[in-house]
Amino acid sequence: MKKTFIILLALTFILTAISGAAGKSENIILKGEGAASNAAVIYPENCNDLIKQYAEVLAERLSTITGAEVVATNVTSSTVPKIFIGEPYEEDIDAFLDEIKAQNGGLLPFILESEEDWEKFCGYRNAYSVEVENSNLHIKGSDEYTLYCAIEDFLNEVRSSETYVLENGYKYVTPDEHIFKDPNKAIETGNAYLHAAEPVAILPYEYMPYVDAMQGGGTDGEFAYYCGRNDAYSRIFRYNLNTWELDYVSEPVHSRHSNDITYLPESDTLMICHCEDEENNSQGVTYVDAETMKETLDTLLPVWASRFEYRTDREKYYILKADYVYVLDKDLNVLSEQRSEDTRGTPQGCCTDEKYLYDIRWDVEGDGRLYDHALIYDLDTMKFQFAAELTGYDEELEPENIFKDETVFYICFHHIKYGNLELGTVYRFVLLPATWWAE
């Protein structure tokens, strides 16, 4: 897995102004003397709701900062300066390398001798690009959270400048060379939420004769794993995390309810919690080889478990059952036990990052939705922080599991609404502060 927690430092380069006929500059001033009085933030016609919201808030913020009339629209025919966001992201490596050459006498200041050298400049899962061409600004991110950071960087530049000019040029912001805003900063405010971006995978309905419900899920950083269960066994669906193509489907694995999955890197093993056994003993777990997808061991934990996560950096298990939170060492010895401070709803899956544990809860009342949220705990103290609401998706779906990959979350939903015509849908989620891009 590329860096789980990305530290980035802003790429610095000079954007060269390109002059038009008769020596007239094609540059557009957004702020300061001679600034344009109108501008537009353009979002794609078929974009997800989150991108459209970004465009609307960005237009509002730019209007306040620059004094211009800025609108959000998906119409591109206007002659005013345009800022495009939400376009498909593909890094333009040639343009990026040309910029570096222009700053170094027409030569690259390095030699790309290996795949690792090349990967320093391209192929990152998290990156963004900023390009000005013919007075149009294009801000592209590899995912919605990275785009959020790119837009915030842009707004901060405009806000801190007396004069802000769009000059033709390109920059490609890569990991190791820019500091992206840490999504956990939103948690520290106590006022964050998880917003769905778009579905990335629909688990195939043709396996319905074999499994009838989607349950646990997890990742090893390269693949996403999901358990489709049927009474006493599950089949595990393995998806490529970069392409979200189905890579493999296992033979039956006897992991009962299969409510959650965690990955053990030391042994390249998936650990699946039974959650419910025949004797109503919820201590059962099944181990599955992550490469062969073959079951290797069934055993019992020292505590009941419905969802869990193992963190290699801490050599600890974080195990949840009903209203309790347990911490175990790498040898499964219980280190601590405490009651949850928020016990509403049905516990689903959980995940962790370097600092927090996220516990998905779900419930309904009659024909209406009560809430979907993630209880957030501090891993150092196991102190409950707050409940972050899940928003932006079809609320008649049931969230079953969650995992985090770098700056975004993936939550898989069981299709209760559609009578199980499909096994489930995986959505990409972004953790955001309640107020975006504050003044």
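Not measured: the values here are computed from a predicted model. (Residues numbered from 1 in each chain as written. Predicted model: local features only at pLDDT ≥ 70, side-chain atom pairs only at ≥ 80, totals over all residues. Heavy atoms only, no water.)

Trainee: Whenever I open this one, the sheet that holds strand β17 (residues 295-300) confuses me. Can you help?
Mentor: Note on sheets: strands pair through backbone hydrogen bonds, and any given pair is parallel or antiparallel. Taking strand neighbours across the sheet as the criterion, the 4 strands line up as β14-β15-β16-β17 in an open arrangement whose pairing is antiparallel. Lying at the two open borders of the sheet, with one neighbouring strand each, are β14 (260-264) and β17. Across the sheet, the mean angle separating the axes of adjacent strands is 25° when strand polarity is ignored. Across 5 bridges, the pairing between strand β15 (residues 269-273) and strand β16 (residues 284-289) is antiparallel. Residue pairing in the sheet places Thr269 in a bridge with Asp289 of β16. (Pairing = 2+ DSSP bridges. Helix = DSSP H or I, 4+ residues; strand = E, 2+ residues; numbered from the N terminus. Axes fitted to C-alpha atoms, helices over the stretch in contact; angles between N-to-C directions.)

Trainee: Looking at this model, I keep getting lost on the nonpolar core. Mind explaining?
Mentor: Formed by 82 residues in total, the largest nonpolar core has its most connected members in Tyr54, Leu58, Ile85, Phe154, Tyr226, Trp244 and Phe429. Core analysis: the next-biggest nonpolar cluster, separate from the first, contains 14 residues, Leu264, Met271, Cys273 and Tyr326 among them. (Core = buried A, V, L, I, M, F, W, Y, C linked by side-chain atoms within 4.5 Å. Buried < 20%, exposed > 50% of the residue type's maximum accessible area, 1.4 Å probe, protein only.)

Trainee: Just checking my understanding: could you explain the confidence of the model for the protein chain for this structure?
Mentor: Averaged over the protein chain, the pLDDT score is 83; the fraction of residues at 70 or greater is 82%. Ranking the elements of the protein chain by mean pLDDT puts helix α3 (residues 115-119) last with 59 and β14 first with 97. (pLDDT = per-residue confidence, 0-100.)

Trainee: How should I be thinking about the side chain of His257 in this particular structure?
Mentor: Examined against the element boundaries, His257 turns out to sit in the loop between β13 (246-249) and β14. For His257, the side chain forms a polar contact with the side chain of Arg229, separated by 3.4 Å. (Polar contact = N/O pair within 3.5 Å; in protein donor to acceptor, adjacent residues only side chain to side chain.)

Trainee: Explain the packing of helix α1 (residues 49-66) against helix α4 (residues 144-160) here, please?
Mentor: When two helices pack together, their arrangement is given by the angle between the helix axes and by the axis-to-axis distance. Running from N to C, α1 and α4 point in directions that differ by 5°, and their axes come no closer than 11 Å. When the axes of α1 and α4 are compared, the pair comes out roughly parallel. On α4, the residues that touch Leu50, Ile51, Tyr54, Leu58, Arg61, Leu62, Ile65 and Thr66 of α1 are Glu144, Leu147, Tyr148, Ile151, Phe154, Leu155, Val158 and Arg159. Class assignment of the residues belonging to the contact of α1 with α4 gives a composition of 12 nonpolar, 1 polar and 3 charged. (Parallel < 35°, antiparallel > 145°, perpendicular 65-115°, else oblique. Contact = heavy atoms within 4.5 Å. Nonpolar A, V, L, I, M, F, W, Y, C, P; charged D, E, K, R; others polar.)

Trainee: Sorry if this is basic, but what is going on with the packing of aromatic side chains here?
Mentor: Each pair of aromatic rings is reported with the distance of its centres and the angle of its planes. Tallied over the full model, the rule gives 24 aromatic pairs. Taking the centre distance of 6.4 Å and the plane angle of 70° together, the rings of Tyr226 and Tyr239 count as edge-to-face. In this pair, Tyr226 is assigned in strand β11 (residues 223-230) and Tyr239 in strand β12 (residues 233-240), connecting sequence segments 13 residues apart. Of the two residues examined, Tyr226 and Tyr239, each falls in the buried class. It is Arg235 that lies over the ring of Tyr210; its NZ or CZ is 4.6 Å from the centre. Positioned over the ring face of Phe223 is Arg238, at 5.0 Å from the centre of the ring. (Phe/Tyr/Trp six-rings, centres within 6.5 Å; stacked < 30°, edge-to-face > 60°. Lys NZ or Arg CZ within 6 Å of the ring centre and 35° of its normal.)

Trainee: Is there a simple way to explain the pattern of salt bridges in this structure?
Mentor: Charged atoms that come close allow side chains of opposite charge to pair. Evaluated as defined, the whole model comprises 12 salt bridges. The partner of Arg307 in a salt bridge is Asp359, and the shortest N-O contact between them spans 2.9 Å. Taken together, the residues span a long stretch of sequence, with Arg307 in strand β18 (residues 307-311) and Asp359 in strand β23 (residues 356-365) at a distance of 52 residues. Take Arg307 and Asp359: they sit in the same class, and that class is buried. The partner of Asp380 in a salt bridge is Arg314, and the shortest N-O contact between them spans 3.0 Å. Taken as a pair, Asp380 in the loop between β24 (368-378) and β25 (384-391) and Arg314 in the loop between β18 and β19 (316-321) lie far apart in primary sequence, 66 residues in all. Residues joined by salt bridges that share partners form a network here, namely Glu144, Glu198 and Arg428. (Salt bridge = Lys/Arg side-chain N within 4 Å of Asp/Glu carboxyl O.)

Trainee: Is there a simple way to explain the sheet that holds β13 in this structure?
Mentor: Overall, antiparallel pairing links the 4 strands, which are arranged β10-β11-β12-β13 in an open sheet. The open sheet terminates on both sides in strands that have one partner only, identified here as β10 (213-219) and β13. Strand after strand, the sheet turns through a mean of 25° between neighbouring axes, direction not considered. In this sheet, β11 lies alongside β10 in antiparallel orientation, the contact comprising 5 bridges. Its bridge partner lying in β11, Ala213 is registered against Arg229.

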